[in-house]
Amino acid sequence: MFSETSPEISEKELKEEKVKQAFEDLEVEFSWDKNPKILERLAETNEHFADAVAIAKIIEQSWEESEGGLNKKEMLLCGLLHDIGKSGPNQADEETRTVIQKLFIHKNSETSPTLPIAEFLQKENFTDQKYLLQILKEKLNIKPETESMITFWRRHVDWTWDILKNNSTQEITEEVATVAASHHILDQKNPANLDIDNIPESAQFLEITDKYILLTLADKYQAFIERNKKSHNEAIRAIQKMIEQSNLSEKIQKKYFTILKKIHKQNIDI
Ligand SMILES: [Fe+2]
Ligand SMILES: [Fe+2]
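Residues numbered from 1 in each chain as written. Chains lettered and ligands numbered in written order. Predicted model: local features only at pLDDT ≥ 70, side-chain atom pairs only at ≥ 80, totals over all residues.

Undergrad: Which parts of the structure should I look at to understand the overall build of the protein?
TA: Of the regular secondary structure elements, the protein holds twelve helices and zero strands. If you list the helices and strands of the protein from N to C, you get α-α-α-α-α-α-α-α-α-α-α-α. Put simply, the protein has 270 residues, and 37% of those count as buried. (Helix = DSSP H or I, 4+ residues; strand = E, 2+ residues; numbered from the N terminus. Buried ≥ 20, exposed ≤ 12 C-beta atoms within 10 Å, placed from the backbone.)

Here's what the structure looks like:
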């Protein structure tokens, strides 16, 4: 047998390497040494990061730099960072983060995420339910008996905002943080406090791309919408409905529709 001479690579290091590689493949430069927390958190979000990479690939194909908007590299960075909040708030300790990351799982699409967290966990047969609920209460001040699972899941954009705002660097500018955290405006989540009559096109673009990916690739977080892959046309119809049912102005809705059309046209083969 060959003797093992190279030092063992831990699972954590492997995941971190994958993150770095994805940035490299997309030619997005990032000073990892100055941002160890960002690397750690992206690696922790694992399959959510894989969705983020799929989103970045659409951005690469479809985002045209418009005057005053983010440039392509910045947009790619927003795509890669947008769900970093699925790892938990900026200050969360390791134990809390592990619990949060476990809770982004939806095993059975029959279980409605509008149920309170406690009930949802029971229906989904989570192990260690008592422990999970206790961490939510004690470490995050969340009331699992009254807060719905979907409300909990949507907290991830607050946490993306929290992490990016508190770890700003030359790459993570205020604008990048704002756009990355503003991808659930149609779901009435607005952590960066944008004027909803003037949502930047880059944020709208990211949101529509995110919804498009979720609906066509079937994501665990939003599997409640539809667990099975939708056809592109079905996905488009579902997103159209979301836009129409939002409380946004006609002008802003129109902009969402334009972006949707464009993404659909260019990514028919993904
Ligand atoms: Fe998200
Ligand atoms: Fe996402």
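From this point on, the discussion continues.
Undergrad: Just to check I follow, could you spell out the packing of helix α8 (residues 149-166) against helix α9 (residues 174-181) for this structure?
TA: Helix-helix packing: each pair is described by the crossing angle between the helix axes and the interaxial distance. Look at α8 against α9: their axes get within 9 Å of each other, and the N-to-C directions meet at 170°. As summarised for this structure, α8 and α9 are arranged roughly antiparallel, according to the angle between their axes. Where α8 crosses over α9, the handedness of that crossing is right-handed. Touching V157, T160, W161, L164 and K165 of α8 are A177, A180 and A181, all from α9. Across the contact of α8 with α9, the residue classes tally to six nonpolar, one polar and one charged. (Axes fitted to C-alpha atoms, helices over the stretch in contact; angles between N-to-C directions. Parallel < 35°, antiparallel > 145°, perpendicular 65-115°, else oblique. Left-handed = near helix turned anticlockwise from the far one by under 90°. Contact = placed C-beta atoms within 7 Å. Nonpolar A, V, L, I, M, F, W, Y, C, P; charged D, E, K, R; others polar.)

Undergrad: Please explain the packing of helix α1 (residues 11-25) against helix α2 (residues 36-45) as it appears in this structure.
TA: Two elements in contact, α1 and α2, have axes separated by 8 Å at closest approach and are oriented at 100°. Judged by the inter-axis angle, α1 sits roughly perpendicular to α2. Residue-level contacts link K12, K15, E16 and V19 of α1 to L39, L42 and A43 of α2.

Undergrad: Help me understand helix α12 (residues 250-266) in this model?
TA: Counting along an α-helix, one turn takes 3.6 residues, and residues three or four places apart therefore face a common direction. With 17 residues, α12 extends 25 Å from end C-alpha to end C-alpha; this agrees with the ideal 24 Å at 1.5 Å per step. Taken together, the buried positions of α12 are occupied by Y256, I259, L260 and I263. Angular distribution of buried residues about the axis of α12 spans 105°; they occupy a single face of the element. Turned more than 90 degrees away from the buried face of α12, the exposed residues are E250, K251, K254 and K265. (Expected span 1.5 Å × (residues − 1). Arc of directions from axis to C-beta.)

Undergrad: For this particular structure, what's the right way to read the nonpolar core?
TA: Soluble globular proteins tend to bury their nonpolar side chains together. C78, L164, A180 and I208 are the most contacted members of the largest nonpolar core, which has 52 residues in total. The greatest single-element share of this core, amounting to eight residues, is contributed by helix α10 (residues 201-217). Setting aside anything within four residues of it in sequence, one finds L164 in contact with L81, I172, A177, A180 and A181. Core analysis: the next-biggest nonpolar cluster, separate from the first, contains 13 residues, V99, I100, L103 and F120 among them. (Core = buried A, V, L, I, M, F, W, Y, C linked by C-beta atoms within 7 Å.)

Any link to function would need more than the numbers given here.
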